[in-house]
Amino acid sequence: MSETLKTLILGSGPAGYTAAIYAARANLAPVLLAGRQPGGQLTITSEVENYPGFPHGIMGPEMMDKFREQATRFGTVVHDDIGVSVDLSKRPFTVTSETGTTFRTETLIISTGASALYLGLPNEKALQGRGVSACATCDGFFFKNKVVYVVGGGDSACEEANFLTKYASKVFLVVRREALRASKIMQDRALRNPKIEVLWNQNVTDVLDVSKGKVTSLELTHTKTGEKKIVPADGLFLAIGHKPNTELFQGVLTMDDKGYIKTVPGKAATNVDGVFAAGDCQDSYYRQAITAAGTGCMAAIEVERWLEGQHG
Ligand code: NDP
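Residues numbered from 1 in each chain as written. Predicted model: local features only at pLDDT ≥ 70, side-chain atom pairs only at ≥ 80, totals over all residues. Heavy atoms only, no water.

1. Examining the state of the cysteines
Link 1 in the chain: Throughout the structure, instances matching the rule amount to one disulfide.
Link 2 in the chain: Here Cys-135 engages in a disulfide with Cys-138; their sulfurs sit 2.0 Å apart. The sign of the 80° torsion about the S-S bond sets the Cys-135-Cys-138 disulfide as right-handed.
Link 3 in the chain: Taking relative accessible area as the criterion, Cys-138 reaches 24% and is therefore assigned partly exposed.
Link 4 in the chain: Cys-158 takes part in no disulfide bond, and the closest cysteine sulfur to it belongs to Cys-135, at a distance of 17 Å.
Link 5 in the chain: Relative accessible area serves as the criterion here: at 0%, Cys-158 is assigned to the buried category.
Link 6 in the chain: In this model Cys-281 remains outside any disulfide bridge; the closest cysteine sulfur is found in Cys-297, 16 Å from its own.
Link 7 in the chain: On the basis of relative accessible area, Cys-281 is assigned to the buried category, the value being 0%. (Disulfide = S-S within 2.5 Å. Buried < 20%, exposed > 50% of the residue type's maximum accessible area, 1.4 Å probe, protein only.)

Spelled out as structure tokens, the structure:
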């Protein structure tokens, strides 16, 4: 692509599309590369009930279709393509995509999101959204009076287990060691909750039953004795951490020790002038669609002002 873009957006979750809507309406003619999972993490959840404006909820994939429709309505050009290499050492920046297109751009908005870590079990993906989830806040509501298992021993696992007790009749916390990694206060909350039972030294080693199209049971394996057992279950929540999708920028952008891009406090600007980050790739704390959208908006407004600063 020979022209130099005013702004290129990487990623098509709420952050990317919101940045696109704002940038397009500011006549910046944004181009957006949708990335490996078009629509982002919301496409793997079921119903979104906490996004303002949808009082009766909306299915995650449908919501992301609407985001895309709104972004393109104002002229965003969306490519179902993935940025695979970047050169941020000089302006215009260049981004080369998987299909071999090289984009030159004055500014870059990175909204590549984060991916929940999964156990890597063969049936896990097939049962995603059918009992397997990595987001209790998103999906907990669907487990009223059900029996659910949460895997992990960190703050997320304890928090999600506690949250799930609002709905589920019983929550098992599956911990692979004999200790929790979570902060003391989070541990105490989980351990004191009468609806939570901790299963120490256990791993979930299989999820059943794909033939029934939903989670019906799990295989647990004792990490020390190797003893296996099948337990009935309605849901499996993974809380073993998230990984920001920022490999492309390693060594170029300032990141924290987990790989989340560091932005100027209260802003979307990164340490490279003209490069902005929004959404979960720079947020390990809130990780909500609404906060991602908010930071996408911030990034686009900062881009607009940055360009004004360059061109007067
Ligand atoms: P963490 O990395 O802190 O914890 C991950 C947990 O998952 C660990 O207990 C780990 O076990 C376990 N685990 C990892 N891989 C596997 C596996 N393959 N099978 C079984 N268990 C596994 O991630 P979190 O998402 O909990 O937290 C991320 C950060 O966010 C932390 O800094 C945390 O403090 C923060 N946070 C804070 C909250 C709050 O303050 N309210 C809420 C949520 C998160 P092991 O211990 O054996 O390694």
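2. Regarding the pairing of strand S11 (residues 147–151)
Link 1 in the chain: When you tally the buried positions in S11, you get four out of five residues, the bulk of the element.
Link 2 in the chain: Pairing of S11 with strand S12 (residues 170–174) involves five bridges; the strand directions are parallel. Each residue of the ladder has a partner; that of Tyr-149, found in S12, is Phe-172.
Link 3 in the chain: Read as a crossover between parallel neighbours, the route from S11 over helix H4 (residues 155–164) to S12 is right-handed.
Link 4 in the chain: Note: S11 against strand S17 (residues 235–238), four bridges, orientation parallel. In the strand pairing of S17, Tyr-149 is matched with Leu-236. (Helix = DSSP H or I, 4+ residues; strand = E, 2+ residues; numbered from the N terminus. Pairing = 2+ DSSP bridges. Right-handed = clockwise from strand over helix to strand, strands pointing away.)

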